[in-house]
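# Notes for the structure review
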Amino acid sequence: MYCPFCGHQETKVVDSRLAGDGYQTRRRRECIACGERFTTFESAELVLPKLIKRDESREPFNESKLRAGILVATEKRPISSESIEELISRIEIHHLQQTVALKFQSFRKKMNHESVTTKRTYV
Ligand SMILES: [Zn+2]
């Protein structure tokens, strides 16, 4: 990436380590031209699957909508904002894991079906 100080197109990585419980990479970079150092964080961009609403309509997963709903529901309860953020990330991870599990299930079904078909064809 370009140097944020002088705009030079080449910077080198001088240090790289895991951050954020291992879900992020933190890199220390140095500009080849001006010698300034800066830090970048790299993390996976999760594209969460759509939600199916009660009326069967689908809508994209919306973190701020979820947060707003939780805030209304917990308004009169002594729940810290830290706990709410933790809950939101747990919901997101659960949502993602469910989707991966479902995809794997249908993949396995398809593979089983294909192997049965193959057997019938060749036996
Ligand atoms: Zn620079």
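Computed from a predicted model, the values in this text were never measured in an experiment.

## Here we look at the overall build of the protein
If you tally the helices and strands in the protein, you get 2 helices and 5 strands. Each helix and strand of the protein, ordered N terminal to C terminal, gives the series β-β-β-β-β-α-α. Taken across its 123 residues, the protein has 2% of its residues classed as buried.

## Re the pairing of strand 3 (residues 37–43)
Counting buried residues in strand 3 gives 0 out of 7 residues, a small share hidden from the surface. Inspection of the sheet shows strand 2 (residues 24–31) paired to strand 3 by 7 bridges, in the antiparallel sense. Counted as the bridge partner of E30 is R37 from strand 3. Two successive antiparallel strands, strand 2 and strand 3, enclose a turn made up of 5 residues, where G35 displays a positive phi of approximately 80°.

## Concerning the domain arrangement of the protein
Per the domain assignment, the segments of the protein are domain 1 (11–43) and domain 2 (50–117). Of note, the centres of domain 1 and domain 2, computed from C-alpha atoms alone, are 32 Å apart.

## Here we look at the environment of F107
Along the chain, F107 falls in helix 2 (residues 81–122). Under the C-beta neighbour-count criterion, F107 is labelled exposed, with 10 such atoms within 10 Å.

## Quick notes on unusual backbone geometry
Positive phi outside glycine occurs at E56, with the angle close to 75°. Inspection of the secondary structure assignment puts E56 in the loop between strand 4 (51–52) and strand 5 (58–59). Exposure remark for E56: the 6 C-beta atoms within 10 Å place this residue in the exposed category.

## Here's the deal with the sheet that holds strand 3
Overall, antiparallel pairing links the 3 strands, which are arranged 1-2-3 in an open sheet. In the strand order of this sheet, the two ends are held by strand 1 (11–19) and strand 3, each with one partner. For this sheet, the mean angle separating the axes of adjacent strands, direction not counted, is 25°.

## Structural notes on the environment of V100
Mapped onto the secondary structure, V100 falls in helix 2. For the pair formed by V100 and P49, sequence separation is 51 residues and the distance between their alpha carbons is 9.9 Å.

## Re the confidence of the model for the protein
The share of residues in the protein with pLDDT of 70 or more is 92%, and the mean pLDDT across the chain is 84. Here helix 2 stands out as the element of the protein with the lowest mean pLDDT, 77, in contrast to strand 1, whose mean of 92 is the highest.

Analysis parameters
Residues numbered from 1 in each chain as written. Predicted model: local features only at pLDDT ≥ 70, side-chain atom pairs only at ≥ 80, totals over all residues. Helix = DSSP H or I, 4+ residues; strand = E, 2+ residues; numbered from the N terminus. Buried ≥ 20, exposed ≤ 12 C-beta atoms within 10 Å, placed from the backbone. Pairing = 2+ DSSP bridges. Domains from an automatic or database assignment. Axes fitted to C-alpha atoms, helices over the stretch in contact; angles between N-to-C directions. pLDDT = per-residue confidence, 0-100.

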